[in-house]
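# Geometric and topological summary
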Amino acid sequence: MTHSHVALADAATTSRALLGQLFVLMRHASMFGADHPATLATAGAVQTAIQNVGPPFTLEFIGGASFRDRTLIPLEFELFEHVRELAGAFHNLGADEVAVDAVPSVEDLLVLGGALARGAQASWTELQARTLRGLRFRDLPFARYGEEAEQVDAAVFAAAQLALAIRDTERLQESVDAGAWPWALGVGIVRRYHLPGPGP
């Protein structure tokens, strides 16, 4: 494996870890509130995950796929479902793109977690009016979520789903060669190939 492939793999790993921790932060803020020890601990874990990615960078949520600095983040099936929920919350907040300029404080991450928890339920606009150090939010007019994903640019949608399906097919073949059959991964590949395409 070349140095460039190792760098790409490392970038994907740290990006997935950050997305996973953001999802947990949203869930804990929704279930326990911002003052609960579990939520505080998760905010600290998000801090660490951001440090591992290394600001500055951006996260984009487009047509059900997630990107870091406009590069597709490959996701396993379970995390894909979690990121769809996370993307829906960001979309409801009017924040399809998150620019991370520096590592935010735990206090600001708790504000973000609370906003995501509310954004997961309905449209909520207060986040745009808040100043969170190290974070900037931007609505992407071409980004769509859920049923609206049918309106996303066809090339973006197709490229994202095809790239994820190819990546997962390679992983499935590795598992089969090792004598295992990962059913969840196989189902995820089939679902990607049978996703309805964007409308005209």
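The structure under discussion appears in the preceding block.
Description of the structure in this document. This one's a predicted model, so the numbers in the text were calculated from it and none came from an experiment. (Residues numbered from 1 in each chain as written. Predicted model: local features only at pLDDT ≥ 70, side-chain atom pairs only at ≥ 80, totals over all residues. Heavy atoms only, no water.)

So, about the pattern of salt bridges. Counted under the stated rule, the structure contains 5 salt bridges. Between Arg27 and Glu85 there is a salt bridge; the shortest N-O distance is 3.3 Å. Note that Arg27 is positioned in helix H1 (residues 3-32) and Glu85 in helix H3 (residues 77-92), a separation of 58 residues in sequence. Arg27 sits in the partly exposed class, given a relative accessible area of 35%. The class of Glu85 is partly exposed, set by a relative accessible area of 30%. Sharing partners across several salt bridges, the network here consists of Glu60, Arg70, Glu97 and Arg138. (Salt bridge = Lys/Arg side-chain N within 4 Å of Asp/Glu carboxyl O. Helix = DSSP H or I, 4+ residues; strand = E, 2+ residues; numbered from the N terminus. Buried < 20%, exposed > 50% of the residue type's maximum accessible area, 1.4 Å probe, protein only.)

Here Arg84 lies in helix H3. By relative accessible area, which is 28% here, Arg84 ends up partly exposed. For Arg84 and Ser66, which are 18 residues apart along the polypeptide, the C-alpha to C-alpha distance reads 8.6 Å.

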